[in-house]
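# Understanding the architecture of this molecule
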Amino acid sequence: MHYTNAFIRGKKAPFRGVFKYKDASGEWRQTVRTLKAQGIAEAKRELAELRLELEDEHEREMEVAKATMTVDDYLDSYISDLDRSRSLERSTINGYRSYAKYVSNGLGRVRLSQLNAAQVQAWEAKLLKDGLSSVSVRKAHVLLKSACEHAVQTDLIPKNPLVSVKPPKLEAPMPNALDDRRRRALLTYLDAAAETPFNLAVLMALCTGMREGELCGLRWADVDLRGRTLWVRRSVARDNGKYYVKQPKTRSSIRDVPIPRVLAAKLKARRDAQETELIVAGITPSDERMAQMYVLGGVDGSYMKPHGLWRPWKELADSMGLVGTQGRRPTFHDLRHTFATFAITEGIDVKTVSSILGHANAAMTLNIYASADANAKQAAAATIDEVMERRLSG
């Protein structure tokens, strides 16, 4: 450790030496020692000597740490430092802790200084053999690789053992979207159903492709009914069983989304209902008050929690016998896939769909949805047959 700044505190004995340094997370820390010197000149000499002693002491501690620190010890320290730095969302830190458990089960007791590529490859192979998805194994790999890279930068290990290890290939997820017939059936149901926050959330997901947390975090300040546009500016996330409102994790997630007419009418009815509730409660529904209220929340200013959508959606999907393109009941998130698949099938350009979904780029949208529509494939096959037959007969 290098004490980048050292100074004397006090104008007369007893003087105190203050030594400042940055810890592993980049946070400034300080160590304070009382000096024996009686005069300022003597105190300066003692300060310089003590600074060298502290740095030597730290070097010895580092050597001991290098020899004895396990992967478990270091990974826990690494994640804790990231948490204290407040540079990442709480949900991200919780995800790191979850994936650290996979590391712990196979490599936790291995000394960090002795970790090698062969051990990592064997660990990843066992996780896959035990049934863990390639997505989860890859995330655990990325976490361990990042931690080891930081260990290299802080001189705990000479090189990163994961540099030569390739993470497992990701299995391309196939969207379990509703086909056009089932999507129409759901829209018909929603048109006739009671105007509840849940039914509105389902319609919004179908019409905008918004995620559950984004729907729950939508305020009236984010909705322009006259201009038929809404803005995704926040999301409701979960941290250790508790929900909180957060900013989207990427710039592309902050976006404007067009509101179809059918949805605009339902949103207008929802706003009118909330204003009526306020009047009945003896509260004036001013523009300022309404702007801060959540579209799916209560008139007390509370927001709907994402888990409040999952159970009623399961019940609705089961009651309607809804099955997605992958042959299983769709999740609420699959309504987002349904929107994207429908939009692309109807000829909306991929870049626009990508922008509406909040994807980082159009390539990401193409990777997920390029092969999502079975009817489009059948139509293409019929066209190819027609062309080939015409050429052969000619």
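Heads up: these notes are all about the structure in this document. Note that the structure is predicted; figures quoted are calculated from it, not measured. (Residues numbered from 1 in each chain as written. Predicted model: local features only at pLDDT ≥ 70, side-chain atom pairs only at ≥ 80, totals over all residues. Heavy atoms only, no water.)

## Comments concerning the overall build of the chain
As a reminder, the rule being used: A run of H or I in DSSP becomes a helix once it reaches four residues, and a run of E becomes a strand once it reaches two; helices and strands are each numbered from the N terminus. A simple rule labels every residue: compare its accessible area, found with a 1.4 Å probe on the protein chains alone, to the largest value its type can have, and call it buried under 20%, exposed over 50%, or partly exposed in between. The contact criterion used throughout is that any non-hydrogen atoms of two residues lie within 4.5 Å. Only the protein chains shown count as cover for residues, with accessible areas throughout obtained via the Shrake-Rupley method and a probe of 1.4 Å.
Along its length, the chain carries 15 helices and eight strands. Relative to its 394 residues, the chain shows a buried fraction of 40%. Counting only contacts in the chain whose residues sit at least 6 apart along the sequence, the fraction spanning at least 24 positions is 59%. Summing over all exposed atoms, the chain offers an accessible surface of approximately 22,600 Å²; the carbon and sulfur share of this is 51%.

## Considering the sheet that holds strand 4 (residues 223-224)
We count it as follows: The criterion for strand pairing is that DSSP finds at least two bridges linking the strands in question.
The three strands lie next to each other as 4-5-8, forming an open sheet whose pairing is antiparallel. Both outer strands of the open sheet, strand 4 and strand 8 (255-258), are each paired with one neighbouring strand and no more. In the sheet, strand 5 (residues 229-232) pairs with strand 8 via four bridges, with the strands oriented antiparallel. Bridging across to strand 8, Leu230 finds its partner in Val257.

## Notes on the pairing of strand 5
As paired elements, strand 4 and strand 5 share two bridges and run antiparallel to each other. Counterpart to Asp224 in the pairing with strand 5 is Thr229. The hairpin formed by strand 4 and strand 5 contains four residues between the paired strands, and Arg228 there has a positive phi angle of roughly 50°.

## With respect to helix 2 (residues 71-85)
Stated precisely, the cut-off is as follows: To estimate how far a helix should reach, multiply one less than its number of residues by 1.5 Å.
An ideal rise of 1.5 Å per residue puts 21 Å on 15 residues; helix 2 measures up with 21 Å between its terminal C-alpha atoms. In this structure, the buried side of helix 2 is in contact with helix 3 (90-107) and helix 5 (134-153). Arg86 sits one or two positions beyond helix 2 and adopts a positive phi of about 60°.

## Observations regarding a negative patch on the surface
Put simply, the rule is: Candidates for patches are residues over 30% relative accessible area with no salt bridge; among them, like charges are joined within 9 Å and nonpolar side chains (Val, Leu, Ile, Met, Phe, Trp, Tyr) within 5 Å. For this analysis, a salt bridge means a side-chain nitrogen from Lys or Arg found within 4 Å of a carboxyl oxygen belonging to Asp or Glu. In this tally, Asp and Glu contribute negative charge and Lys and Arg positive charge; neither His nor the terminal groups of the chain are included. Taken as the charge centre is NZ of Lys, CZ of Arg, CG of Asp or CD of Glu, depending on the residue.
There is a patch of like negative charges on the surface, built from Glu49, Glu53, Asp56, Glu57, Glu59, Glu61 and Asp155. Topologically, Glu61 is positioned in helix 1 (residues 40-68).

## As for empty space enclosed by the protein
What counts, and what does not: Throughout, the protein atoms alone are placed on a 1 Å grid, and a set of points is a cavity if a 1.4 Å probe fits but cannot get out or a pocket if it is open with protein on both sides within 12 Å along at least five of seven lines; lining residues have an atom within 4 Å of a point. Grid points are joined across faces, edges and corners, and a volume is the space filled by probe spheres set on the points.
Counting across every chain of the model gives one cavity of 30 Å³ or more. Its boundaries defined by the atoms lining it, the largest cavity holds a volume of some 40 Å³. Leu187, Leu190, Asp191, Leu203, Val262 and Lys266 are the residues that line the largest cavity. Elements that contribute at least two residues to the lining of the largest cavity include exactly helix 6 (180-192) and helix 9 (261-280). Here the element with the most residues in the lining of the largest cavity is helix 6; it accounts for three residues.

## Some points on the nonpolar core
Rule in force here: Put simply, a nonpolar core is a bunch of buried Ala, Val, Leu, Ile, Met, Phe, Trp, Tyr and Cys residues held in one set by side-chain atoms that sit within 4.5 Å of each other.
Leu186, Met204, Leu230, Leu267, Trp313, Phe332 and Leu335 are the most contacted members of the largest nonpolar core, which has 46 residues in total. Among all residues touching Leu267, those that are not within four sequence positions of it are Leu200, Met204, Trp220, Val223, Leu225, Ile259 and Val295. In this structure, Met69, Val110, Leu143 and Ile157 belong to the second largest nonpolar core, which totals 31 residues.

## Details of the packing of aromatic side chains
Inclusion rule: Working definition: a ring pair exists when centres of Phe, Tyr or Trp rings (six-membered ring for Trp) sit within 6.5 Å. Plane angles under 30 degrees give stacked, over 60 give edge-to-face, the rest tilted. Placement of a charge over a ring requires the Lys NZ or Arg CZ to be within 6 Å of the ring centre, with the centre-to-atom vector within 35 degrees of the ring normal.
Going through the model one piece at a time under the given rule, you end up with four aromatic pairs. On the numbers, 6.3 Å between centres and 25° between planes, the contact of Tyr74 with Tyr78 is stacked. Taken together, the residues Tyr74 and Tyr78, both in helix 2 and four residues apart, mark about one turn of the helix. Taken together, a centroid distance of 6.0 Å and an interplanar angle of 45° make the contact between Tyr99 and Tyr102 tilted. A residue pair is termed a helical-turn pair when its members lie 3 or 4 positions apart in one helix, as Tyr99 and Tyr102 do in helix 3 at three residues. Assessed through its relative accessible area of 27%, Tyr102 is described here as partly exposed. Sitting over the ring of Trp220, Arg271 keeps its end group 5.6 Å from the ring centre.

## Some words on the packing of helix 6 against helix 11 (residues 307-320)
To keep it simple, the criterion reads: Axes here refer to lines fitted to C-alpha atoms; in helices the fit is confined to the stretch in contact. Angles between the N-to-C directions go from 0 to 180 degrees. Small angles under 35 degrees read as roughly parallel and large ones over 145 as roughly antiparallel, with 65 to 115 read as roughly perpendicular and the rest as oblique. Take the far helix as your reference; a near helix turned counterclockwise from it by less than a right angle gives a left-handed crossing, and one turned clockwise gives a right-handed crossing. Note on residue categories: nonpolar means Ala, Val, Leu, Ile, Met, Phe, Trp, Tyr, Cys or Pro, charged means Asp, Glu, Lys or Arg, and polar means any other residue, Gly included.
Close contact between helix 6 and helix 11 brings their axes to 12 Å; oriented N to C, the two are set at 115°. As summarised for this structure, helix 6 and helix 11 are arranged roughly perpendicular, according to the angle between their axes. By crossing handedness, the relation of helix 6 to helix 11 is classed as right-handed. Side by side, helix 6 and helix 11 meet where Ala185, Leu186 and Tyr189 of the first sit next to Trp313, Leu316 and Met320 of the second. Of the residues belonging to the contact of helix 6 with helix 11, the class tally is six nonpolar, no polar and no charged.

## Points about helix 5
Here helix 5 contains 20 residues, and its C-alpha end-to-end distance of 28 Å stays within 8% of the 28 Å for a straight helix at 1.5 Å per residue. Within helix 5, burial applies to Ser134, Ser136, Val137, Ala140, His141, Leu143, Leu144, Ala147, Cys148, His150 and Ala151. On the buried face of helix 5, the contacting elements are helix 2, helix 3 and helix 4 (117-129). Residue Asp155 follows helix 5 closely and has a positive phi angle near 65°.

## Observations regarding the side chain of Thr208
Here is the rule: Identification of polar contacts relies on pairs of N or O atoms within 3.5 Å, with a donor-acceptor requirement for protein atoms, meaning one able to donate a hydrogen and the other able to accept it, and with residues adjacent in sequence counted only if both atoms are side-chain atoms.
Here Thr208 shows up in helix 7 (residues 197-208). Within the structure, Thr208 has its side chain in polar contact with the backbone oxygen of Met204 (distance 2.5 Å). Of note is the side chain of Thr208, whose polar atom sits 3.3 Å from the backbone nitrogen of Met210. Excluding residues that lie within four positions of it along the chain, Thr208 makes contacts with Leu230, Val257, Pro258, Leu263, Phe339 and Ile356.

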